[in-house]
Amino acid sequence: MLRSCSRRLVVYVGLLLSAFTLVLVAGCKSGEEGTTPAEPGGMKKAVSQAEPPAKTTAKENATEEGAPELKVGTTLENLQAAFDGESNAHKRYLAFAAKAEEEGYKQAALLFTAAARAEEIHAKSHAKVIEKLGGTPTADIKEPEVKTTKENLEAALKGETYEKNTMYPEFLKVAKADKNADAIRTLNGAMTVEEEHAALYQAALDDLEGQKAITSPLWVCPVCGHTVQAQKLDFSNCPICNTPADQFEKIDQVAAAK
Amino acid sequence: MPISLPPVPKWEGLHPLVVHFPIALLIVAPLFVATGMLLWERTRAYAVAALILMVLGTAGAWVSVASGVAAMGLATVNAEGREVMARHQELAMLVRLAFSILTALYAAIVALPLFAKRLTPKVVVPVHLVFFVLYAGAVLVLAAQSHLGGRLVHEFGVQALM
Ligand SMILES: [Fe+2]
Ligand SMILES: [Fe+2]
């Protein structure tokens, strides 16, 4: 008797929960569909993939004089621009690393090598999202302009500052309005890492003479490019993307420029 | 005015929707544990209710950590905010582990009568008191990590993908 009662109770509760879940999911779906026409001037329409926003420039936001003029387009166009930038930065930093090695700035050479690897990771990460959006990643690789290591560090700092303060924040705005999680993740990760690169370049410039001896290796996250200059990593997972620290790449040798 | 229901959230945006459930369930559960202890000899219903709350709360903790990890790459924060986020994650994983162990422990307590039919208050009360001390420690960690989550939202402006 008791057993059949409890069996019935389980069935009733199960049915009730299923009905509740169905109503909730159906309600949420209708709510989702219902919001689109109700918001003619809403954010969704203003920056959707299907209807790209009017091209805008954000040169006025650039913190460095002579920074390139930024064209903000759709998420796909922005990712293409970011892919181009990261691919060129990779090549440029490898050339800077070789120059630093030649001039005897060994620590700076390691820094450029690590940054080059991080930029390569950013480029690959952007490329994956571009492909997901139906595009083909393309980059116009230019021959890098290599000067003295001090000038190269200054140029690198300028490039990173432009990316972290202007380019990525503008691209992120569009990706966030698009609610594109993949694009937000890759742009956000790159922006965070460019900030680290800028700080590392600034520190190297502040102690240029100290760059002549190797004091510490660098570590690069294989997923987001998180770059750390330290003897050992003091975290178990990447603070940006959660990749285990034991998967980080140790940079203790200068890479050959390709 | 028509009711507009929220859209079905993406996995990366689920974190703020799920985190409050385990907090509430796991904080309410000890009230049922205490009632279950007091009425141990008359009914086991409160103990079972406490166990259900703990199972649901712990399952919620697992979903919260997983959805939090999915959301972390989408958060734009400064270096200080990233440190807070790392600590938040570290404590959340500790909370998940602690409540998984506590739930298993309480399930064992609830199952005790199956193995020893005559359990006097002399055994039941001390066992519960030890459990309460351990549980209180886990609740403190839960409170600390929840506060860090609150700081991320209200101090560092972290927003979920909605
Ligand atoms: Fe980069
Ligand atoms: Fe990472």
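Treat the numbers as computed from the prediction; the structure is a model and nothing was measured. (Residues numbered from 1 in each chain as written. Chains lettered and ligands numbered in written order. Predicted model: local features only at pLDDT ≥ 70, side-chain atom pairs only at ≥ 80, totals over all residues. Heavy atoms only, no water.)

Draft legend 1. Layout of the coordination of the iron ion (ligand 2). Residues and elements named next belong to chain A. With distances of 2.2 to 2.4 Å, the protein atoms coordinating the iron ion (ligand 2) are Cys221 (SG), Cys224 (SG), Cys238 (SG) and Cys241 (SG). Metal-centred angles of 99 to 118 degrees between the 4 donor atoms at the iron ion (ligand 2) mark the site as tetrahedral. The motif formed by the donor residues of the iron ion (ligand 2), counted along the single chain, is C-x2-C-x13-C-x2-C. Of this pair, Cys224 sits in the loop between strand E3 (218-220) and strand E4 (227-229) while Cys238 sits in the loop between E4 and strand E5 (249-251), placing them 14 residues apart in sequence. Judged by its relative accessible area of 8%, Cys224 is buried. (Donors = N, O, S within 2.8 Å, 3.2 Å for Na, K, Ca; no water. Tetrahedral: all angles 85-135°; square planar, octahedral: opposite > 155°, others 65-115°. Helix = DSSP H or I, 4+ residues; strand = E, 2+ residues; numbered from the N terminus. Buried < 20%, exposed > 50% of the residue type's maximum accessible area, 1.4 Å probe, protein only.)

Draft legend 2. Examining the pattern of salt bridges more closely. Residues and elements named next belong to chain A. Summed over the entire model, instances satisfying the criterion amount to 17 salt bridges over all chains. Across the pair Lys173 and Glu170 runs a salt bridge whose closest N-O atoms are separated by 3.4 Å. Taken together, the residues span about one helical turn, with Lys173 and Glu170 both in helix H5 (residues 149-178) at a distance of 3 residues. Take Glu170: its relative accessible area is 14%, and that puts it in the buried class. Here the salt bridges do not stand alone but share partners, grouping Arg117, Glu120, Lys124 and Glu249 into one network. (Salt bridge = Lys/Arg side-chain N within 4 Å of Asp/Glu carboxyl O.)

Draft legend 3. Layout of the coordination of the iron ion (ligand 1). Residues and elements named next belong to chain A. Note on the iron ion (ligand 1): its protein donors are Glu86 (OE), Glu86 (OE), Glu119 (OE), His122 (ND1) and Glu194 (OE). The metal-donor distances range over 1.7 to 2.6 Å. Coordination of the iron ion (ligand 1) draws on donor residues from a single chain, spaced E-x32-E-x2-H-x71-E in sequence. Of this pair, Glu86 sits in helix H3 (residues 75-103) while Glu119 sits in helix H4 (residues 106-132), and the two are 33 residues apart along the sequence. A single burial state applies to Glu86 and to Glu119, both of which are buried.

Draft legend 4. Geometry of the sheet that holds E5(A). Residues and elements named next belong to chain A. Strand order in the open sheet formed by 3 strands is E4-E3-E5, with antiparallel pairing between adjacent strands. Two strands bound the open sheet, and with one partner strand each, they are E4 and E5. When strand polarity is set aside, the average angle formed by the axes of neighbouring strands in this sheet is 25 degrees. Examined bridge by bridge, E3 and E5 share 3 bridges and lie antiparallel to one another. Within E5, the residue paired with Leu218 across the bridge is Ile251. In this fold H4 packs onto E3, E4 and E5, with an angle of close to 0 degrees to the strand it touches most, E3. Helix-sheet contacts for helix H6 (residues 181-206) involve E3 and E4, and the interaxial angle to E4 is about 30 degrees. (Pairing = 2+ DSSP bridges. Axes fitted to C-alpha atoms, helices over the stretch in contact; angles between N-to-C directions. Contact = heavy atoms within 4.5 Å.)

Draft legend 5. Here's a closer look at the nonpolar core. Residues and elements named next belong to chain A. Formed by 40 residues in total, the largest nonpolar core has its most connected members in Tyr93, Phe112, Leu153, Tyr201 and Leu218. Residue assignment for this core shows that the elements contributing at least two residues are H3, H4, H5, H6 and E3. The biggest single contributor to this core is H4, with 10 residues. With sequence-adjacent residues up to four places away left out, Phe112 is seen in contact with Tyr93, Phe96, Ala97, Ala100, Asn152, Leu153, Ala156 and Tyr201. (Core = buried A, V, L, I, M, F, W, Y, C linked by side-chain atoms within 4.5 Å.)

Draft legend 6. Spotlight on H3(A). Spanning 29 residues, H3(A) covers 41 Å between terminal C-alpha atoms, matching the ideal 42 Å at 1.5 Å per step. Immediately beyond the C-terminal end of H3(A), within one or two residues, lies A:Gly104, with a positive phi of roughly 90 degrees. (Expected span 1.5 Å × (residues − 1).)

Draft legend 7. Representation of the confidence of the model for chain A within the structure. Considering every residue of chain A, the mean pLDDT works out to 82; 72% of them sit at 70 or more. Note that residues 27-64 of chain A has pLDDT below 50 and, in this model, 52 contacts with residues that lie over four places away or in other chains. (pLDDT = per-residue confidence, 0-100.)

Draft legend 8. Looking closely at helix H5 (residues 121-154) of chain B. All names here are of chain B. Over its 34 residues, H5 runs 47 Å from end to end, which matches the ideal 50 Å to within 8%, given 1.5 Å per residue. Within H5, burial applies to Val124, His128, Phe131, Tyr135, Ala138, Leu142, Gln145, Leu148, Gly149 and Leu152. Looking at the buried side of H5, the elements it contacts are helix H2 (20-38), helix H3 (45-72) and helix H4 (79-115).

Draft legend 9. Representation of the interface of chain B and chain A. Counting from both sides, the interface comprises 18 residues of chain B and, opposite them, 20 residues of chain A. Taking both partners together, chain B and chain A bury about 1700 Å²; carbon and sulfur atoms supply 54% of that area. Ranking the residues of chain B by area buried against chain A places B:Leu5, B:Leu74 and B:Arg82 at the top, with a combined share of 28%. Summed over the shared surface of chain B and chain A, the number is 1 salt bridge. Here chain B and chain A share 8 residue pairs in polar contact (both at pLDDT 80 or more) between them. Among the secondary structure elements, those contributing two or more residues to the side of chain B that touches chain A are H3 and H4 of chain B. (Buried area = accessible area lost by both parts, 1.4 Å probe. Polar contact = N/O pair within 3.5 Å; in protein donor to acceptor, adjacent residues only side chain to side chain.)

Draft legend 10. Spotlight on the packing of aromatic side chains. Counted under the stated rule, the structure contains 10 aromatic pairs over all chains. Between the aromatic rings of A:Tyr93 and A:Phe112, the centroid separation amounts to 6.0 Å while the plane-to-plane angle is 35 degrees, which identifies the pairing as tilted. With A:Tyr93 in helix H3 and A:Phe112 in helix H4, the pair connects residues that are 19 residues apart, well separated along the chain. It is B:Arg96 that lies over the ring of B:Trp62; its NZ or CZ is 4.2 Å from the centre. (Phe/Tyr/Trp six-rings, centres within 6.5 Å; stacked < 30°, edge-to-face > 60°. Lys NZ or Arg CZ within 6 Å of the ring centre and 35° of its normal.)

Draft legend 11. Just unusual backbone geometry, in detail. Residue and element names in this part refer to chain A. The phi dihedral of Lys179 falls on the positive side, at around 55 degrees, and the residue is not glycine. Mapped onto the secondary structure, Lys179 falls in the loop between H5 and H6. A residue is classified by how much of its surface remains accessible, and Lys179, at 34% relative accessible area, is partly exposed. For Asn242, which is not glycine, the phi torsion reads 75 degrees and is therefore positive. Assignment of secondary structure puts Asn242 in the loop between E4 and E5.

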